[in-house]
Amino acid sequence: MSTAKLTINLDALVANWRNLNAMTNCETAAVVKANGYGLDAGRVAKALAQAGARNFFVAAAEEGVALRRALGAGPGISVFSGHMDGDTRLLKDFQLTPMLNSLEQMLRHFESLPGHAFGVQLDSGMNRLGMEPAEWAAVGEIALGQSPVLLMSHLACADEPAHEMNAKQLKTFREMTSGIEVPRSLAATGGILLGPEYHFDLCRPGIGLYGGRPYLDALPVASLDLPVIQVRDLEAGESVGYGNAWIAKRPSRIATVAAGYADGLQRALMNTGIDTFAGETPCPIVGRVSMDLITVDVTALSDVPSHLSLLNERQGVDILADAAGTIGYEFLTSLGHRYARTYLG
Ligand SMILES: *Cc1c(COP(=O)(O)O)cnc(C)c1O
């Protein structure tokens, strides 16, 4: 096997969904935008549908089309970007539910797809998507007259439980929806962890399903094993890789493994104390990460295995993301197309 291996544990994913679901008394949907946070929306959603998930969220109508093809008829598929110009056909033919974000989208939807299911996204303070309080006050009646299936909003700071923005948005969302007999949704992963007042009728976790912060109890879902292409012995003073960025301080054995920044293993991972692992033995990344290759100090090993593990139970998504100066979401969605993928479960 000459390409790096990405193993995705669907049993762990399902367990994360079940455990998040058990924290609430409401429905738990699943967010599978960006191709299931890079892990394959179709497979992820099928596994979750089997476990009982009935509703899925994607970012764009085109993602919804791919997901409908994978899931078949039945499960709900909702689109955060709403009903954009050019989406009408896709929404209709693939039974996608747009979360309408503006008066413009509402008019487009009611005119082109009368009677077609929709939800409304409300802006409770994040200022990214959805109708603002004044707009909603003015046109909410029209939307409610057409029987939306969901009123939703999104929290900007849910990963910081003590942030005052959480209570502020909760209050605004309550004010915008009080007395309305339509199912409501406010919480993503972070919102589930904030507690029951944030749960309403439906929660929409994404990152927690895939094993990332802020759901610290998540089981790891993705793992990476990088094949060793070549091993060489260096004398003290010899350098490794572009820019001579690492110099051996002692006689050293260096393994070159097949993966690099084109596989989402950012250049920023060098000199951060990130290790690869041969079993329990850490072998640090040394020198610059190049496009297709990473060099690793395997001096500690008596035998160099065929693969070195980079992402595993010990060194999870968030550790690698922190080292690269990013977040688990970006790390996962950057992994790219070159891996040999194996799905467990
Ligand atoms: C991405 C997203 C989610 C899921 O968020 P996580 O933090 O990954 O759980 C939920 N709702 C909206 C509107 C989103 O954009």
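Preceding block: the structure.
So, a few notes on the structure that sits alongside this text. All of these numbers come straight from a predicted model, not from anything done at the bench.

**Looking at the packing of aromatic side chains**
Thought 1: A full pass over the atoms with the stated rule returns five aromatic pairs.
Thought 2: Both rings, one in F57 and one in F80, keep their centres 5.1 Å apart while their planes meet at 15°; by these two values the pair is stacked. Placement of F57 in strand β4 (residues 55-58) and of F80 in the loop between β5 (76-79) and α5 (88-93) is noted, with a sequence separation of 23 residues between them. An identical accessibility class is assigned to F57 and F80; each is buried.
Thought 3: With a centroid separation of 5.1 Å and an interplanar angle of 90°, the aromatic rings of F173 and F200 are classed as edge-to-face. Pair noted here: F173 is in helix α8 (residues 164-177) and F200 is in the loop between α9 (189-194) and β10 (202-203), with a separation of 27 residues, a long-range link.
Thought 4: The class of F173 is buried, set by a relative accessible area of 0%.
Thought 5: Three or more aromatic residues link up through ring pairs in this structure, and these residues are Y37, Y210 and Y329.
Thought 6: The lysine or arginine in question, R43, covers the ring of Y343, its NZ or CZ lying 4.2 Å from the ring centre.

**Section: the layout of surface pockets**
Thought 1: For the largest pocket, the calculated volume is near 710 Å³.
Thought 2: As for the largest pocket, its lining consists of 34 residues, of which K33, H154, L155, A188 and Y329 are closest to the centre.
Thought 3: Put simply, the parts of the chain that give the lining of the largest pocket at least two residues each are α2 (33-37), α9 and α11 (328-333).
Thought 4: A per-class count over the lining of the largest pocket returns 19 nonpolar, nine polar and six charged.
Thought 5: A domain-level breakdown of the lining of the largest pocket finds at least three residues from each of domain 1 (10-210) and domain 2 (222-344).
Thought 6: When its volume is computed, the second largest pocket comes out at roughly 260 Å³.
Thought 7: In terms of lining residues, the second largest pocket is bounded by 18 residues, among which G211, A218, G316, V317 and D318 are the most central.
Thought 8: If you tally residues by element for the lining of the second largest pocket, the top one is helix α10 (residues 317-323), at three residues.

**So, the state of the cysteines**
Thought 1: Scanning the entire structure with this criterion turns up zero disulfides.
Thought 2: C26 forms no disulfide, and the closest cysteine sulfur to it belongs to C203, at a distance of 3.5 Å.
Thought 3: By relative accessible area, which is 12% here, C26 ends up buried.

**What about the sheet that holds β5?**
Where strands meet in a sheet, backbone hydrogen bonds hold them as pairs that are either parallel or antiparallel.
Thought 1: Spatially, β3-β4-β5-β6-β7-β8-β9 is the arrangement adopted by the seven strands of the open sheet, whose pairing is parallel. Each edge of the sheet is formed by a strand with only one pairing partner; in this case those strands are β3 (30-31) and β9 (184-185).
Thought 2: Looking at chain direction, β4 and β5 are connected through four bridges and run parallel. Following the sheet pairing, F57 is matched in β5 by S78.

Cut-offs and rules
- Residues numbered from 1 in each chain as written.
- Predicted model: local features only at pLDDT ≥ 70, side-chain atom pairs only at ≥ 80, totals over all residues.
- Heavy atoms only, no water.
- Phe/Tyr/Trp six-rings, centres within 6.5 Å; stacked < 30°, edge-to-face > 60°.
- Helix = DSSP H or I, 4+ residues; strand = E, 2+ residues; numbered from the N terminus.
- Buried < 20%, exposed > 50% of the residue type's maximum accessible area, 1.4 Å probe, protein only.
- Lys NZ or Arg CZ within 6 Å of the ring centre and 35° of its normal.
- 1 Å grid on protein atoms, 1.4 Å probe; cavity = no way out; pocket = protein on both sides within 12 Å on 5 of 7 lines; lining within 4 Å.
- Points joined across faces, edges and corners; volume = space filled by probe spheres on them.
- Nonpolar A, V, L, I, M, F, W, Y, C, P; charged D, E, K, R; others polar.
- Domains from an automatic or database assignment.
- Disulfide = S-S within 2.5 Å.
- Pairing = 2+ DSSP bridges.

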